Amino acid sequence: MLKTLWVYIKKHPFAYGLATVFAIISSGLTLVPNLIIQQLVDAIVASSLSKESLWQYLGIFLVSILCIYIVDVIWVVTLFSQSFRFQSELRRKSYQKLLSLRTPFYERFRSGDLMTRMTSDVDYLGDAIGYGFMLIVSNITWAVSILIAMIVTTSWKAALVSVLPLILFGYIVFLLWRKVDVLYEDNRDNVAKLSNEVLEMVDGVRVMRAYGKKELEQERFQKRTSEVLQKANNLVVYNGAIGQVAKFLIGLSTAVGLAFSGYLINQGQMTIGQLITFQIYLGMLSGAVWGLSDIVLVYQQGTVSFRKIDELLTADDSLEKVGQDEINKIDQIEFKDYVFQYPTGETTTLKKIDFELNRGETLGIVGKTGSGKTTLVRQLLRQYPISETGAIRINGRLIQDYSIRDLEGLIGYVPQEHILFSKTVGHNIRFGNRQADDTAVNAAIDSADFTKDVARMSEGLETLIGEKGVSISGGQKQRVSIARALIREPELLILDDSLSAVDAKTESAIIENIRQVRQDKTNVIVTHRLSAVAQADKVLVIEDGQIIEAGTPQELLDSKGWYYEQYMTQQMEVEENETI
Ligand SMILES: Nc1ncnc2c1ncn2[C@@H]1O[C@H](COP(=O)(O)OP(=O)(O)OP(=O)(O)O)[C@@H](O)[C@H]1O
């Protein structure tokens, strides 16, 4: 951590140089009021204080206090604004990293944990470079200058005797340091887990209520909070122990200093004025030592948070190093005996997948639930590492040779779970193509059969859809997602079970619109409803990760396999519904 903080400090030499110099000046100035007090007391004891010198002492006293105040404000403000800048740079960097990482990373890290890294961990690290730096510079310069002043202006012997308990305190703090580090990490991880629970609860509150599990969940949450409390208590015990040891040793230092000063006064080696300033110095020195013990806390939090942020910034999503080849159109997609296993999976999910898809064609992918349909399309999106067994080629070249960014720009993906942003309907659609004009937006809405819905909305495209689209229906969410994909006029459009929440009539209208507007582009439609792929050029039937049937819809019907049986069942269901 110190290396990273040092790199940042070196990048801003002016701010940190200014803060250090002003902190040293402030420590020096802090001694002036004490010297004045010492001289004033000695003059009173010696009955040599005149009216003029009293005003002089008071004047210097007030000016020095004002100067200390101004100098402190300058260096503290400089330091803290630098610390905020550090935090915002770190947040930007972490956010950029999060955007660059892919699915396997997000399967490893939970949302609550990532949120804690982006918020409190960044704050604690910022504290280390702001408040921590302030504690180190001010307390060290303060302690050193007080010690020098004690030795020079009072008594070096008394200074030595009373500093010994404070050195012992420093040693005890050092011993407790390591233990506190483990406790901090424990405590922080528990808070991150708790954030996860809260996020899940907020997402699932309706299901919890519907299943009458509110009390049960509350109990579980209480258990989790108790665990967090327990860990926090352990930490409090250690921090409390440090505090009590500090109090005892600081008291001891004062007592020893006082006793020894009394002895020195008796011996004529110390004046009353020196005794009073000595006590004030001792109080100030204890303050500096207290401040230094606070560094333990800031440093501990900082190191734990640094580890967490470093883990995020150096995280890998285990995807092969990104290819560099440019690609601006998709003429052909080929899967050649492709086998795939999820990084965390125990068996292969795709087995010897073999097919070709040419520009302008529509491919339907059907099959039982859990058979591997989504896994197959996810390979085109490069969400997981490409397997070494078999190959996926685009325009005759291996998919992994292309730049992921280029590829993403060519694909319009409508996933099963619709990810919408808590903005307006229009914003969500334009998200697909920020440059799109109103004509393009309306065309996309038309193709997604969403025009009538927009007209019914209170503020049309400006209607807010709430968090994750809570205020619109499932079918509407699906159509907003489809419009968002269509507006970018992608070379390849992938609909992954994206029409499941719309009725059969709307579904066939959307499929027909897509056929019309995307005549020279390629489409992949994953579905459970065979009517959605009735017009497809090719259909693959997947079972247990393998293609068990492939051909045009008519060929599949003729072969009287799974597709035929499924088709007949669904036809019967439609007829039954029509009769009802
Ligand atoms: N991220 C993952 N890690 C490990 N295994 C996974 C992962 N995602 C899916 N699987 C497994 O891969 C298999 C295929 O899942 P997939 O989602 O591709 O099926 P599907 O045919 O799209 O199902 P559905 O029609 O229900 O959407 C399932 O057994 C699933 O449990």
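Residues numbered from 1 in each chain as written. Predicted model: local features only at pLDDT ≥ 70, side-chain atom pairs only at ≥ 80, totals over all residues.

1. As for the overall build of the chain
- Each helix and strand counted, the chain has 17 helices and ten strands in total.
- A globule of 580 residues ought to have a C-alpha radius of gyration of about 25 Å, yet the chain, at 36 Å, is considerably larger.
- Each of the three principal axes of the chain carries a C-alpha extent, and together these read 120 × 50 × 45 Å.
- Long-range pairs, those at least 24 residues apart, make up 80% of the contacts in the chain with a sequence separation of at least 6. (Helix = DSSP H or I, 4+ residues; strand = E, 2+ residues; numbered from the N terminus. Rg over C-alpha atoms; globule rule 2.2 N^0.38 Å. Contact = placed C-beta atoms within 7 Å.)

2. Considering the domain arrangement of the chain
- Each domain of the chain was delimited in the assignment, giving domain 1 (2–313) and domain 2 (332–579).
- With centres defined by C-alpha atoms, the gap from domain 1 to domain 2 works out at 56 Å.
- Each partner contributes residues to the interface: domain 1 has four residues there, and domain 2 has four residues.
- When the residues that make up the side of domain 1 that touches domain 2 are grouped by side-chain class, the tally is one nonpolar, one polar and two charged. (Domains from an automatic or database assignment. Nonpolar A, V, L, I, M, F, W, Y, C, P; charged D, E, K, R; others polar.)

3. Section: the UniProt feature "transmembrane region" (unreviewed entry) in the chain
- Taking the UniProt record as the reference, the feature "transmembrane region" (unreviewed entry) is found at residues 14–37, 57–81, 128–152, 158–177, 248–266 and 278–299.
- Structurally, residues 128–152 is divided into 100% helix and 0% strand, and its ends, taken at the C-alpha atoms, are 34 Å apart.
- The span residues 278–299 is 100% helical and 0% strand by assignment, and the distance between its end C-alpha atoms comes to 31 Å. (UniProt positions renumbered as here; feature names shortened; annotations may be inferred.)

4. Side note on helix H9 (residues 373–380)
- The element H9 is largely enclosed, with a buried count of six among its eight residues.
- Here H9 has its buried residues at Lys373, Thr375, Leu376, Val377, Arg378 and Leu380.
- At the exit of H9 stands arginine 382, carrying a positive phi of roughly 55°. (Buried ≥ 20, exposed ≤ 12 C-beta atoms within 10 Å, placed from the backbone.)

5. Looking at the site of the ligand
- The environment of the ligand is made up of 14 residues, and the closest members are Tyr342, Thr369, Lys373, Thr374 and Thr375.
- Residue contributions to the shell around the ligand peak at three residues, all from H9.
- Looking at the shell around the ligand residue by residue, the classes come out as one nonpolar, ten polar and three charged. (Near = placed C-beta within 6 Å.)

6. Digging into the sheet that holds strand E10 (residues 546–551)
- Pairing is mixed in the open sheet, where six strands are placed in the order E6-E7-E8-E3-E9-E10. Taken across any chain shown, the strands that pair with only one partner, and hence form the sheet edges, are strand E6 (411–414) and E10. Going from strand to strand, the sheet's axes swing by 15° on average, the running direction of each strand aside.
- Examined bridge by bridge, strand E9 (residues 538–543) and E10 share five bridges and lie antiparallel to one another. When the sheet's bridge partners are listed, leucine 540 is paired in E10 with alanine 550.
- Taken strand by strand, helix H14 (residues 474–486) contacts E6 and strand E7 (492–496), and its axis lies near 175° from that of E6. (Pairing = 2+ DSSP bridges. Axes fitted to C-alpha atoms, helices over the stretch in contact; angles between N-to-C directions.)

7. Points about the pairing of E9
- Judged by how many residues are buried, E9 sits mostly within the fold: five of six residues are covered.
- Relative to E9, strand E3 (residues 362–367) runs parallel, the two sharing five bridges. From the neighbouring strand, valine 366 faces E9, where its bridge partner is valine 541.
- As consecutive antiparallel partners, E9 and E10 are separated by two residues, and within that stretch aspartate 544 has a phi angle of approximately 50°, a positive value.

8. Focus on the confidence of the model for the chain
- Within the chain, residue pLDDT values average 85, and 96% of them lie at 70 or more.
- Reported for the predicted complex are a pTM of 0.72 and an ipTM of 0.96. (pLDDT = per-residue confidence, 0-100.)

9. Things to note about the sheet that holds strand E1 (residues 332–340)
- Read from one edge of the open sheet, four strands run E2-E1-E4-E5, paired in antiparallel fashion. The sheet is open, and its two edges are formed by strand E2 (350–358) and strand E5 (397–398), each paired on a single side.
- The pairing of E1 with E2 spans six bridges and is antiparallel. Bridge pairing in E2 links glutamine 332 to asparagine 358.
- Packing against the sheet, H9 makes contact with E1, E2 and strand E4 (391–394), and its axis sits at approximately 60° to E2.

10. Some details on unusual backbone geometry
- Its identity is not glycine, yet aspartate 497 carries a phi of approximately 50°, on the positive side.
- Along the chain, the position of aspartate 497 falls in the loop between E7 and helix H15 (504–517).
- Of note in this structure, aspartate 544 is not a glycine but carries a positive phi near 50°.
- Residue position: aspartate 544 is located in the loop between E9 and E10.
- Among the residues examined, aspartate 544 registers 14 C-beta atoms within 10 Å and is labelled partly exposed.

11. Observations regarding helix H12 (residues 438–447)
- Of all the residues in H12, the buried ones are Ala444, Ile445 and Ser447. What you see down the axis of H12 is that its buried residues fit within an arc of 165°, all on one side. Opposite the packed face of H12, turned more than 90 degrees from it, sit the exposed residues Asp438 and Thr439.
- Each element contacted by the buried residues of H12 is listed here: helix H11 (425–430), helix H13 (451–456), H14 and H15.
- Of the residues trailing H12, aspartate 449 is marked for its positive phi of about 55°. (Arc of directions from axis to C-beta.)

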